[in-house]
Each structure stands twice: as structure tokens, then as C-alpha cells.
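What the coordinates show
These are the residues of each chain, in order.
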Amino acid sequence: MDPLSQVISFLELRNYRVGGFEAGGDWSIRFDPFKGVKCYAVTSGACWLAVEGAGEPVLFQQGDCLLLPHGSPFRVASDPALPPEDWKRHFLGAREGALVKLNDGGGVTVLGGHFQLAGPQAEMLIGTLPPIVHLQSKTDRENLRWAFDRMRQEMVDAKPGGVLIIQQLATMIFVQALRLHLDDSKGVGWLFALSDKHVGAAIAAIHREPARRWTVAALALEVGMSRSGFAARFGQLVGDGPIEYLTRWRMLLAGRSLSRGEPVGAIARALGYESESAFRTAYKRVMGATPRHHARLAAVA
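Residues numbered from 1 in each chain as written. Predicted model: local features only at pLDDT ≥ 70, side-chain atom pairs only at ≥ 80, totals over all residues. Heavy atoms only, no water.

**Focus: the pattern of salt bridges**
Convention followed: By definition, a salt bridge exists where a carboxyl oxygen of Asp or Glu is found within 4 Å of a side-chain nitrogen of Lys or Arg. Helix and strand labels come from DSSP, where a helix needs a run of H or I of at least four residues and a strand needs a run of E of at least two; each type is numbered from the N terminus. Note on classification: 1.4 Å probe, protein chains only; a residue is buried when its accessible area is under 20% of the maximum for its type, exposed when over 50%, partly exposed between these limits.
As enumerated under the stated definition, the model contains 12 salt bridges in all. Arg150 is the partner of Glu154 in a salt bridge, and the nearest nitrogen-oxygen pair spans 3.0 Å. Taken together, the residues span about one helical turn, with Glu154 and Arg150 both in helix α4 (residues 138–157) at a distance of 4 residues. Take Arg150: its relative accessible area is 35%, and that puts it in the partly exposed class. We note a salt bridge from Asp196 to Arg233, for which the minimum N-O separation is 2.5 Å. Here the residue Asp196 occupies a position in the loop between α6 (190–193) and α7 (197–208), and Arg233 occupies one in helix α9 (residues 227–238), the gap between them amounting to 37 residues. Each of the salt bridges in this network shares a partner with another, and the network as a whole consists of Arg30, Asp32, Glu52, Asp86 and Lys88.

The following block contains the structure:
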């Protein structure tokens, strides 16, 4: 499994809610702070989006897709100067997968999903994303159009099994939106490093063999770079050195195993540690708590 798929699977990504709305005339809706990530697309018309603390409102037009990764309150409107109404007035009580109408619709259609992410890996995935991820190129629109068209049709038809299909489509759109953002952007952090030929290959090697006694020199050889050049590029793109990243990834794997009730000794051996003591020391340094504490919390949960 590739690193992005692996991390997303660790996050136990699930839809919290999927749906959409059609709006006509003058309207403005304010949404509260939220946990997780919201993903939307404008499938017809246009509207304005303003995220608290993210600067001026942004115009989203037909075919545009956006991610809101940090949970900040936001407003969606036909005109950003209009005073907003609370979202509950229109959406509270709407059934899952519904297409809500504002002012009888006819102007703009917005579809999307709200995703919940679990675990410390969430920061790896979304921590370096901007407040608004705006996908608007012709290629982006073509890559996402089919899924959103199908989502809207399922909402309109309301056939048996439709909500499940909408949820799966929304998940696919979320992952595809992340990939398109990587293709279109430059940034610092694990997510962006995946698109780099050499550093992405090194991360894949670490994920493929986390128990191997990797060194910076061995990873550099694996991806065909000099040791110094590789170390510098890895640090520049990821924000951590290769061995620091290896250790952190091992601890994330260990956390999942501890949550499943696996013995500490078996986990340590599986991740390449010669002794439980060395593993326990590394785990506490990286995760801020002992393996035993993590296991107790998981058992209580």
C-alpha cells in the first residue's frame, strides 16, 4: 500500500455527513467551527466563501472544488456583504444525503461531505494544508466532474442504497482532491514530499520496511542520491530528518498495535528494536506518553 493510502486507512476516515443545497436569490449562511475536514464542489452557478481568519472572501464557480481542513467557522453566500443566517435554520433535521433548497433553488448547487479523522496521523495529512484548498483548473474539474454528477443524481433520485453510494463517492472525491492539490502545489511537509521523486520514494521505502535498520546513507542509495544531497532535500520537504521520520512512523505504527492490545515486546521486535527498553524510550520521547499509558487509554475507550 502506498504511503498516502496507508495513512488515510490509519485515520479511519469516515463520512460524518453528506449532502448539498440549491440556492436562489439573495442568501448567506454561517457555519460553526467543526472537527474534521469538509469537502465541497459547486456543480452549477457560483457563490462566495469566507473562512474566519483566512483573508478576503473567495469566489467559487461552477466546477470548482474546495477542502476546508482546519475546522474554522465559515460563511457561504450569494453576496459576501449580506448578513448571514445560522445554518441550523435550513439544515438542522435534513435527512442524510438530502439536497436542501434555499429560496426555492435555481441559482447555485453545492454538494459535499464532512469527514471525521481519527488519530495523531491526522496532523501528518492535513497539518500543512492552507485554510482553503481551492481546485479550479480545467484538469481538476474534469477529474472530479463524474463523481459529483453521480452524487447529485443519487441525491435527486433518493433510491434504496443511495446514501451509501453518496458516502463512497464523497470519500473518493476527498482523496482525489488531496492528490490534485499535491499536483498543483508546492509546500513543506509530509504530504507535499510524497510528490517528490526521490523523497517520495524514500518515504515509500520506510513505509514498506519500517523494521529495517535504515540509515541516511542506505536511504540515499535506495533513491539514487548522494547522502548529503538526500538529507538536505528530505529535511527541506518533510521538515524532519530521514531517521526522525522513520522513528515517528514506527511510533505511529506502534500506537495502532497498542490500541489493538498487542504485547509491547512483540511490537518492539516487529519494528526492529532489539529491546523493549529501547522501544519504550523512543515511544515516550516521540508520543509523549509510555506504551503502557497508551494501551490503558485504548482499553478504556
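Now that the structure has been shown, we can carry on.
**Overview of the packing of helix α10 (residues 242–259) against helix α12 (residues 276–287)**
What counts is decided by this rule: Convention adopted: a line fitted to C-alpha atoms gives each axis, helices being fitted over their contacting stretch, and angles between N-to-C directions are expressed from 0 to 180 degrees. Geometric relationships in this document are graded by angle, where less than 35 degrees denotes roughly parallel, more than 145 denotes roughly antiparallel, 65 to 115 denotes roughly perpendicular, and other angles denote oblique. Here, residues are in contact when the closest pair of their heavy atoms is within 4.5 Å.
Close contact between α10 and α12 brings their axes to 10 Å; oriented N to C, the two are set at 100 degrees. With respect to each other, α10 and α12 are oriented roughly perpendicular. Contacts between α10 and α12 involve Thr247, Arg248, Met251, Leu252, Ala254, Gly255 and Leu258 from the former and Phe279, Ala282, Tyr283, Arg285, Val286 and Met287 from the latter.

**Regarding the pairing of strand β4 (residues 46–51)**
Condition: Strands qualify as paired when DSSP identifies two bridges or more between them.
In this structure, β4 lies alongside strand β5 (residues 58–61), joined through 4 bridges in antiparallel fashion. Residue pairing for β5: Trp48 is matched across the bridge by Leu59. Taken together, β4 and the strand that follows it, β5, pair antiparallel across an intervening segment of 6 residues, in which Gly53 is found at a positive phi of about 80 degrees. Bridge analysis of β4 against strand β7 (residues 74–77) gives 4 bridges, and the strand direction is antiparallel. Looking at the pairing, Val51 lines up with Phe74 of β7.

**Concerning the packing of aromatic side chains**
Geometrically, a pair of aromatic rings is defined through the distance of the ring centres and the angle of the planes. Note the threshold: Stacked, edge-to-face and tilted labels apply to pairs of Phe, Tyr and Trp rings (six-membered ring for Trp) whose centres lie within 6.5 Å, assigned for plane angles under 30 degrees, over 60, and everything in between, in that order.
Applying the stated criterion across every chain, the model contains 10 aromatic pairs. Ring centres 5.9 Å apart and planes at 50 degrees place the aromatic pair Phe279 and Tyr283 in the tilted group. Of the two residues, Phe279 and Tyr283 both sit in helix α12, 4 residues apart, roughly one turn of that helix. Among the residues examined, Tyr283 registers a relative accessible area of 1% and is labelled buried. Taken together, the ring pairs connect Phe21, Trp27, Phe31, Phe34, Tyr40, Phe74 and Phe91 into an aromatic cluster.

**Digging into the nonpolar core**
To keep things clear, this is the line we draw: In this description, a nonpolar core means a group of buried Ala, Val, Leu, Ile, Met, Phe, Trp, Tyr and Cys residues linked to one another through side-chain atoms lying within 4.5 Å.
Grouped together as the largest cluster of nonpolar side chains are 65 residues, with contacts concentrated most on Met151, Ile203 and Phe279. Among the elements that line this core, the one with the most residues is helix α5 (residues 162–184), at 9 residues. When neighbours within four sequence positions are excluded, Phe279 is seen to be in contact with Met251, Ala254, Val264, Ile267, Ala268, Leu271, Tyr273 and Pro291. By size, the runner-up hydrophobic cluster in this structure holds 22 residues, among which are Phe34, Phe74, Phe91 and Val108.

**Re unusual backbone geometry**
For Asn103, which is not glycine, the phi dihedral falls at a positive 55 degrees. Mapped onto the fold, Asn103 is located in the loop between β9 (99–102) and β10 (108–116). A relative accessible area of 47% means that Asn103 is categorised as partly exposed.

**Things to note about the side chain of Lys38**
Defined as follows: Only four residue types enter the charge count, namely Lys and Arg as positive and Asp and Glu as negative; His and the chain termini do not.
Along the chain, the position of Lys38 falls in strand β3 (residues 37–44). Here Lys38 occupies a buried position and makes no salt bridge, while the nearest side chain of opposite charge, Asp32, is found at 8.5 Å. With near-sequence residues (within four places) excluded, Lys38 lies in contact with Phe31, Leu66, Leu67, Leu68, Phe74, Gly113 and His114.

**Some words on the environment of Ser5**
Within the secondary structure layout, Ser5 lies in helix α1 (residues 3–10). You can call Ser5 partly exposed: its relative accessible area is 32%. Along the chain, Ser5 and Val175 lie 170 residues apart, while their C-alpha atoms are 8.8 Å from each other.

**Structural notes on the side chain of Glu22**
Within the secondary structure, Glu22 sits in strand β1 (residues 14–23). Residues contacting Glu22, with those up to four places away along its chain left out, are Leu99, Val100, Lys101, Leu102, Gly105, Val108, Thr109 and Arg152.

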